[in-house]
Each structure stands twice: as C-alpha cells, then as structure tokens.
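# Per-entry structural report
Letter by letter, the chains look like this.
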Amino acid sequence: QRGLDGVLINGARSILVGDQALDSEPTGGLGMKNIRIKNSQFARGPDAQGGYTVALGGGGENFSSGIQLLNTVVQDGGIHVIDAADVLIQDVTVTGAVAKAGAGAGVRVSRTSLTRPAGAGVGEVVSIHAQSGQAPHDVTIEKSRLVQNTASMALRAEALEALAMRGNTFEMASTATGATG
C-alpha cells in the first residue's frame, strides 16, 4: 500500500471483506508505481463499510502512477481512483455503486461496463471531481457502457480540465425517473 513499485496481481479473488477488497490509498508515506492488476474478481459482501470495492491511487502529495486494472470484475461497490496519474482501467465490469476519480492525470477507462444497480441508492455512475486541491485532467472514457438504474445522472464532472468521451453507450433504466445526464 505504501511505496510499492512493479507489482503484478493476477487471478486474485475476494468475496467477503469488512472494507474495500483492494485498498491502495496510502494512509501515510509514499504512493505506488507500476502496479498491474488483471484477471481478478473483487467483491466485498453484504456487510462491508463504505461504497468502494477497489481504491486505486495515492494520497495528497503522494501521487501513484502507472496503475492498470485489466480484465477484472468488481462487485458490491465501485472503483475509486484518487491522486493518481497514468491509470488504465480496461475490459473491466463494475456492478456496484459509483466509479469515482479525483485529482488524476491521464486516467483512461476503455471497453469497460459500469452499472449502478437500483439497490445501490440514488447517485451517479461515474463521478469526476477535484481532490487534494487539484483538478483532474486528461480523463478519457471510451468504448464503454454506463448503465444508470437510479434517479440520478450517469456522469457527473466538476472542476475538470479535460474530458474525452468516445464511442460510449449510456443506458438509463425506466426506473430512473427524474434522472438527467
């Protein structure tokens, strides 16, 4: 979690945890570099606290960089990318709450399915916002599917310097009355 460099996680599986299944936010010390997570399945179970199953990134001035989440299933919560640069989320399926990005540079989501189930409560599918006094920039979402099953917007972005959207599909369930975006 602190100061890691050059780590490969391949074929990991979590099904029942008390918090996040994968928590890479450093609570002190250094960020991480060159982390590759692939062919894995992360779930938290019904009693986990918080809204995220996977947290990728750094903390404040301790940015993490070179993080890849590939060909992975994330359940029971979303993905949180925070204080990170050069992040790739590709061929990932998320069925949980929100996918959130804060203060990142070069964050790319590609060929990924993000679904907010009706039971997750009202909220966006993807949220991009400032964090640690910095605005995210160079965020790309491409060839992905965002599915909104609550009465909220699919994508929320604030204090964002650059966002590229290419070839995406947005689906709003009929139960998401009053939803915008």
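A few points on the structure. (Residues numbered from 1 in each chain as written. Predicted model: local features only at pLDDT ≥ 70, side-chain atom pairs only at ≥ 80, totals over all residues. Heavy atoms only, no water.)

## Re the overall build of the protein
- Summing up its helical and strand segments, the protein has 0 helices and 18 strands in all.
- For the protein, buried positions account for 45% of its 181 residues.
- Sequence-distant contacts, at least 24 apart, represent 64% of the contacts inside the protein between residues at least 6 apart. (Helix = DSSP H or I, 4+ residues; strand = E, 2+ residues; numbered from the N terminus. Buried < 20%, exposed > 50% of the residue type's maximum accessible area, 1.4 Å probe, protein only. Contact = heavy atoms within 4.5 Å.)

## Looking at the pairing of strand β9 (residues 78-90)
- In terms of burial, β9 is a largely internal element, 11 of the 13 residues being buried.
- Relative to β9, strand β6 (residues 52-57) runs parallel, the two being bridged by 5 bridges. Bridging from a neighbouring strand, Leu56 pairs with Val81 of β9.
- Where strand β7 (residues 64-70) and β9 come together, 6 bridges link them in parallel fashion. If you follow Ile67 over to β9, its bridge partner there is Val87. (Pairing = 2+ DSSP bridges.)

## A closer look at unusual backbone geometry
- With phi around 50°, Asn39 is a residue other than glycine that occupies positive phi space.
- Mapped onto the elements, Asn39 comes out in the loop between β4 (33-38) and β5 (41-42).

## Overview of the side chain of Ser113
- Locating Ser113 in the fold gives a position in strand β12 (residues 113-116).
- Apart from the residues within four sequence positions on either side, Ser113 is in contact with Val92, Thr93, Val94 and Arg145.

## Re the nonpolar core
- Leu56, Ile79, Val81, Ile89 and Val126 are the most contacted members of the largest nonpolar core, which has 28 residues in total.
- Within the residue set of this core, elements represented by two or more residues are β4, β6, β7, β9, β11 (99-110), β13 (126-129) and β14 (137-142).
- Considering every element that reaches this core, the biggest residue donor is β9, with 5 residues. (Core = buried A, V, L, I, M, F, W, Y, C linked by side-chain atoms within 4.5 Å.)

## A word on the pattern of salt bridges
- Applying the stated rule across the entire model yields 6 salt bridges.
- Here Arg111 makes a salt bridge to Asp91, at a shortest N to O gap of 2.8 Å. One end of the pair, Arg111, is in the loop between β11 and β12; the other, Asp91, is in the loop between β9 and β10 (93-95), with 20 residues separating them in the sequence.
- Glu142 is the salt-bridge partner of Arg108, the closest N and O atoms lying 2.6 Å from each other. One end of the pair, Arg108, is in strand β11; the other, Glu142, is in strand β14, with 34 residues separating them in the sequence.
- For Glu142, a relative accessible area of 10% corresponds to the buried category.
- Bridged by salt links that share partners, the residues Arg108, Glu142 and Arg166 form one connected network. (Salt bridge = Lys/Arg side-chain N within 4 Å of Asp/Glu carboxyl O.)

## So, the sheet that holds β5
- Taking strand neighbours across the sheet as the criterion, the 7 strands line up as β2-β5-β8-β10-β12-β15-β18 in an open arrangement whose pairing is parallel. Strand pairing shows two members of the sheet lacking a second neighbour, β2 (13-14) and β18 (169-172), which therefore form its edges.
- As judged from the 4 bridges shared by strand β15 (residues 145-148) and β18, these two strands associate in the parallel manner. Within the sheet, the bridge partner assigned to Arg145 lies in β18 and is Thr169.

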